[in-house]
2 protein chains.
Amino acid sequence: MSEQKLEIVKTEDKKPKPETDQIPFGKTFTDHMFVMDYETDSGWYNPRIVPYEPLTLDPAAMIFHYGQTVFEGLKAYRAEDDRILLFRPSQNLQRLNRSSERLSIPPIDEERVMYYLTQLISLEQDWVPSTQGTALYIRPFIIATETNLAVAPSHSYKFMIILSPVGPYFSGGLKPVKINVEDQFTRAVKGGTGTAKTAGNYSSGYQAQAKANKEGHADVLWLDGVEKRYIEEVGSMNIFFKINGEVVTPELNGSILNGITRMSIIELLKKWGIPVSERKISIAELYQVYEEGGLEEAFGTGTAAVISPVGELNWLGHQMVVNNHEIGELSQKLYDTITGIQTGKVEDRHEWTVEVQ
Amino acid sequence: MSEQKLEIVKTEDKKPKPETDQIPFGKTFTDHMFVMDYETDSGWYNPRIVPYEPLTLDPAAMIFHYGQTVFEGLKAYRAEDDRILLFRPSQNLQRLNRSSERLSIPPIDEERVMYYLTQLISLEQDWVPSTQGTALYIRPFIIATETNLAVAPSHSYKFMIILSPVGPYFSGGLKPVKINVEDQFTRAVKGGTGTAKTAGNYSSGYQAQAKANKEGHADVLWLDGVEKRYIEEVGSMNIFFKINGEVVTPELNGSILNGITRMSIIELLKKWGIPVSERKISIAELYQVYEEGGLEEAFGTGTAAVISPVGELNWLGHQMVVNNHEIGELSQKLYDTITGIQTGKVEDRHEWTVEVQ
């Protein structure tokens, strides 16, 4: 990437900021966005912060036809002392490059993009809300822009960062949800794109999600695509179980996402001396543990919710009620610790947070 | 779909038409395109033919983030008597709706869209080239357009048809190609999106394609995602083998595409009295057949190439040379028959072609 100066064009027409404790996720965007272009001959070029505005693309742009795209999701939090904090942002940029590799998209320079990202957030700092549970959601993404219907990697791309203030994921505290164990549809399989944050992994789950919702479940628990035996993810989150005092989460097997909240939880548990293992766990094993009374807690983890407690799992008519539909002690402690670190209320001993100047 | 009148806005600035025997696939587009919108409350509305122009979409439009999109590919051919023929277009629209169902996209009215499609091609008829092997490629597609980062089906969509004159797929006749049997990456698995023509299925193959190209192979033969044993597809085509006088192609197993050329070939072979079976076939079985001298022909099938003969397969260092790198007799006959029907040179006894008035 050539070392180009960041161009900044400020808007003259600032939008009103919403009441952030009420706005729905992902529908409101800030005044500016970051954009950078790529051509095979020149690499990434023309990094710029410009007023938020529509994209203009040829109908034959590759993004509309062959799905060559990757994205990330992270948040900026406002601490009580008004500092603006990011949570492990370099992990997101590393993962973006790993996703890009899988999709044959050229890598970005992580250090330069971190600079652009913090410049953008600095400019938009008034958009970072302060109510508890709110944050400024950050969506970096790359799309293939070449005008060409050939099935082949694009020669041109756009990298963008857009920002959206978001309210609390759960209004009224953490509420354990009902989950359906999906036995028909498959999210991902080894050798596929399951470990990448790429568009096609998400819409492919809508049918299973609709089926779950119809049956009164909030989300789907995915099993592996080969044997339909081993637990993979819940919705678009990683999943953890507390079983007889030990915390278990599916190992990174080539088809599940390497979640940054997942990674942070494992590190915290190790520090706290709580046994944690990343391993294969089958739904049959989980059910047996449940029948024997050993399933103590279950929760999904991800950037959006941080911790999403599971109150009930349904597997082919077998019902597993977890902790009497109440949030578990460890789930709550992990939630409080991570959100505390994110918002500066809990001391950050891991150097996970990065302050935006 | 409400029965709305097709609006036609003609361009005042027609483009020059290219020399069609030389243009590359999918880079040149005609003067007009078809567009229709969808909102949950109103269904599909405002069908219109307008000058070909860029799309303007919010950076948070769902298509850029979660891959909710489907497409089709078919061709209009110019017969020697100047009639313009489509090949089984209703099959494409049926498949589009099946793909849409998998991606939670609302269906289109196939009959109305067939009307819009033929009106568009009629208006653009001067763009249908006449040189042998050329055609006007037709790309219908649907994209999710709602401005929303929530992981859920869009409430708004755009259906579009764009047209691109294309030269012969193979210049200089049918040339058998070398294929690498992919043992690491996976295209699709049962319960996934492999049977749908959706964007994510295509870019997910680029890494395997690049690996194959690097080793001197033109394309990839995909094995099943569960056992890595059974043959699925070649590149983005279906695959056929002639084994000891019988034609074998992988059965529709929930992860391969239901190709229209594939379907037509099976129907032709049955009519000709040539044994044909749709069944599981493992790469190990194919190799054994090859060793015993029974692998007579191999070819990929699809709209773009119709027939793409395979001259050599490489499977973990095992090399299978098919028919001495020459096109097989049956492959050639199928190619001649189908392209003959498509261009009106061979009598269409199946009512496969539809004339555009």
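The preceding data block contains the structure.
Reading guide: rules and limits
Residues numbered from 1 in each chain as written. Chains lettered and ligands numbered in written order. Predicted model: local features only at pLDDT ≥ 70, side-chain atom pairs only at ≥ 80, totals over all residues. Heavy atoms only, no water. Helix = DSSP H or I, 4+ residues; strand = E, 2+ residues; numbered from the N terminus. Rg over C-alpha atoms; globule rule 2.2 N^0.38 Å. Buried < 20%, exposed > 50% of the residue type's maximum accessible area, 1.4 Å probe, protein only. Contact = heavy atoms within 4.5 Å. Areas by Shrake-Rupley, 256 points an atom, 1.4 Å probe, with all protein chains shown as cover. Lys, Arg positive; Asp, Glu negative; His and termini not counted. Salt bridge = Lys/Arg side-chain N within 4 Å of Asp/Glu carboxyl O. Polar contact = N/O pair within 3.5 Å; in protein donor to acceptor, adjacent residues only side chain to side chain. Phe/Tyr/Trp six-rings, centres within 6.5 Å; stacked < 30°, edge-to-face > 60°. Lys NZ or Arg CZ within 6 Å of the ring centre and 35° of its normal.

Asker: In this structure, what is going on with the overall build of chain A? I would like to understand it.
Answerer: From N to C terminus, chain A includes eight helices and 19 strands. The C-alpha radius of gyration computed for chain A amounts to 21 Å, which stays within 12% of the reference 21 Å derived for 357 residues, consistent with globular compactness. Along the first, second and third principal axes, the C-alpha atoms of chain A reach 60 × 50 × 35 Å. Per-residue burial over chain A gives 59% buried out of 357 residues. Restricting the contact set of chain A to residue pairs at least 6 apart, pairs at least 24 apart contribute 72%. Of the roughly 14100 Å² of accessible surface on chain A, 45% is carried by carbon and sulfur atoms.

Asker: What am I meant to see in the side chain of K75 of chain A here?
Answerer: Residues and elements named next belong to chain A. The residue K75 is located in strand 6 (residues 74–78) in this model. For the buried K75, no salt bridge is present, and the opposite-charge side chain at shortest range is E72, 13 Å distant. A polar contact of 2.8 Å, which involves the side chain of K75, links it to the backbone oxygen of A304. Residues contacting K75, with those up to four places away along its chain left out, are L85, L86, F87, A135, L136, Y137, I138, V166, T303 and A304.

Asker: Any chance you could explain the environment of P250 of chain A here in plain terms?
Answerer: Looking at the element boundaries, P250 of chain A is found in the loop between strand 14 (246–249) and helix 6 (260–272). In sequence terms P250 of chain A and P140 of chain A are 110 residues apart; their C-alpha atoms lie 27 Å from each other.

Asker: Just checking my understanding: could you explain the pattern of salt bridges for this structure?
Answerer: Residues and elements named next belong to chain A. Evaluated as defined, the whole model comprises 28 salt bridges over all chains. One salt bridge connects R83 with D81, and the closest N-O pair in it is separated by 3.0 Å. If you follow the salt bridges from partner to partner, you end up with D37, R48 and K158 in one network.

Asker: What is the right way to look at the packing of aromatic side chains in this model?
Answerer: How two aromatic rings sit relative to each other is given by the distance of their centres and the angle of their planes. Residue and element names in this part refer to chain A. In this structure the tally under the stated criterion is 31 aromatic pairs over all chains. Relative to F159, the ring of F34 has its centre 5.9 Å away and its plane inclined at 70 degrees; by these criteria the two rings are edge-to-face. Here the residue F34 occupies a position in strand 2 (residues 32–39), and F159 occupies one in strand 9 (residues 156–166), the gap between them amounting to 125 residues. Between F87 and W352, the ring centres sit 5.6 Å apart and the planes meet at 80 degrees, which makes this aromatic pair edge-to-face. Here W352 lies in the loop between helix 8 (329–342) and strand 19 (353–356) and F87 lies in strand 7 (residues 84–87), a separation of 265 residues in the sequence. The same class applies to F87 and to W352, which are both buried. Following the ring pairs from residue to residue traces out a cluster consisting of F34, Y38, W44, Y115, Y116, Y157 and F159. Across the ring face of Y230, the terminal group of K280 is positioned such that the distance to the ring centre comes to 4.5 Å.

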